[in-house]
Amino acid sequence: MESSNRCSVIVVGAGISGISAAKVLAKNGVEDILILEASDSIGGRIKKHSFGNVSVELGAGWIAGVGGKVSNPVWELAVQSGLRTCFSDYSDARYNIYDRSGEIFPSGVAGDTYKKAVESAIQKLRTDQDSLVSADVSDVPELSTSPETPIELAIDFILHDFEMAEVEPISTYVDFGEREFLVADERGYEYLLYKMAEEFLFTSDGKILDNRLKLNTVVRELQHSRDGVIVRTEDGCVYEANYVILSVSIGVLQSHLISFNPHLPVSPYPNRAR
Ligand SMILES: Cc1cc2nc3c(=O)[nH]c(=O)nc-3n(C[C@H](O)[C@H](O)[C@H](O)COP(=O)(O)OP(=O)(O)OC[C@H]3O[C@@H](n4cnc5c(N)ncnc54)[C@H](O)[C@@H]3O)c2cc1C
């Protein structure tokens, strides 16, 4: 049977944008909120994993955009929470390569290795691009428009998205500065999220115990009208609110996991919206 609860604002997704939005609402007196998160933790694409007794970042690893005229709020949070970071110096690869004891690699060894890796990647990229150009178009039916298999998605990501998806100039660097810092902290980049959450959600012993955050709750349907919004989740619950903030990724929207009633405006790129 469906149960129903009403609040002022429902935030879908507890990644950095969802948690930031909820924090801003709470700080402005809107405490009657509900955060619905599909996975078993907050953080979204900021997530660490324990591997060989060290923390490895699975998602975001750098704080980009530091040192400019405007202060980067993510950098401010990192400083406030004492997150350990290392400056990424792309003018000298040596500064970014460490041996097991934590010593910086000798410049010759690091420089040569880095140069070889870059050259071989460029060579591979050119070969792949040449073979794509010379191939019969019918041999690569989906690649140029709509990658589907894991290998097509990987190639599409490396050839197009990784470096070229951003339109220059990139506002992060223009607004906040050109410098980048790698997060090198055992608590993980996600520690920032917990510090942010602590400001408005009830926590104890580093755990969020606030019932306004519902983990393992997958939103499947959003019904919206002038009267507000009705949110239906995979486990059969129904939540009502005056407003909803949807912070899921474009990929989730394209997957049609969440249905909208009435529909969202139609995508101008129908082939990619899968
Ligand atoms: C491998 C990788 C490396 C990256 N490196 C960097 C970097 O170095 N520096 C940098 O600044 N950025 C980096 N990014 C980008 C950065 O991680 C993201 O821009 C940022 O974390 C996005 O935050 P978000 O809150 O907007 O979205 P997300 O983190 O995707 O949060 C959305 C949340 O919504 C939840 N959700 C999805 N669907 C539903 C549903 N139906 N119901 C309920 N909840 C749902 C998800 O579980 C997720 O927790 C990287 C990303 C990846 C994947």
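For the structure itself, consult the block above.
Residues numbered from 1 in each chain as written. Predicted model: local features only at pLDDT ≥ 70, side-chain atom pairs only at ≥ 80, totals over all residues. Heavy atoms only, no water.

J.: Which parts of the structure should I look at to understand the sheet that holds strand 6 (residues 85-87)?
T.: Think of a sheet as strands paired side by side through backbone hydrogen bonds, with each pair either parallel or antiparallel. If you trace the 3 strands from one edge of the open sheet to the other, you get 5-7-6, paired in antiparallel fashion. Unpaired on one side and paired on the other, strand 5 (62-66) and strand 6 mark the two borders of the sheet. Shown here is a sheet whose adjacent strand axes are inclined to one another by a mean of 30 degrees, direction ignored. In this sheet, strand 7 (residues 179-183) lies alongside strand 5 in antiparallel orientation, the contact comprising 4 bridges. When the sheet's bridge partners are listed, Ala 64 is paired in strand 7 with Glu 180. Each of strand 5, strand 6 and strand 7 touches helix 2 (residues 73-80); the most contacted strand, strand 5, lies at about 120 degrees to it. (Pairing = 2+ DSSP bridges. Helix = DSSP H or I, 4+ residues; strand = E, 2+ residues; numbered from the N terminus. Axes fitted to C-alpha atoms, helices over the stretch in contact; angles between N-to-C directions. Contact = heavy atoms within 4.5 Å.)

J.: Mind showing me how you'd approach the site of the ligand here?
T.: The environment of the ligand is made up of 26 residues, and the closest members are Ser 17, Glu 37, Arg 45, Trp 62 and Val 219. With respect to the ligand, the side chain of Glu 37 contributes an N or O atom lying 2.6 Å from an oxygen atom. Here the ligand, which alone exposes 1,000 Å², has 70% of that area covered by the protein. Its residues assigned to classes, the shell around the ligand shows 15 nonpolar, 9 polar and 2 charged. (Near = heavy atom within 4 Å. Polar contact = N/O pair within 3.5 Å; in protein donor to acceptor, adjacent residues only side chain to side chain. Areas by Shrake-Rupley, 256 points an atom, 1.4 Å probe, with all protein chains shown as cover. Nonpolar A, V, L, I, M, F, W, Y, C, P; charged D, E, K, R; others polar.)

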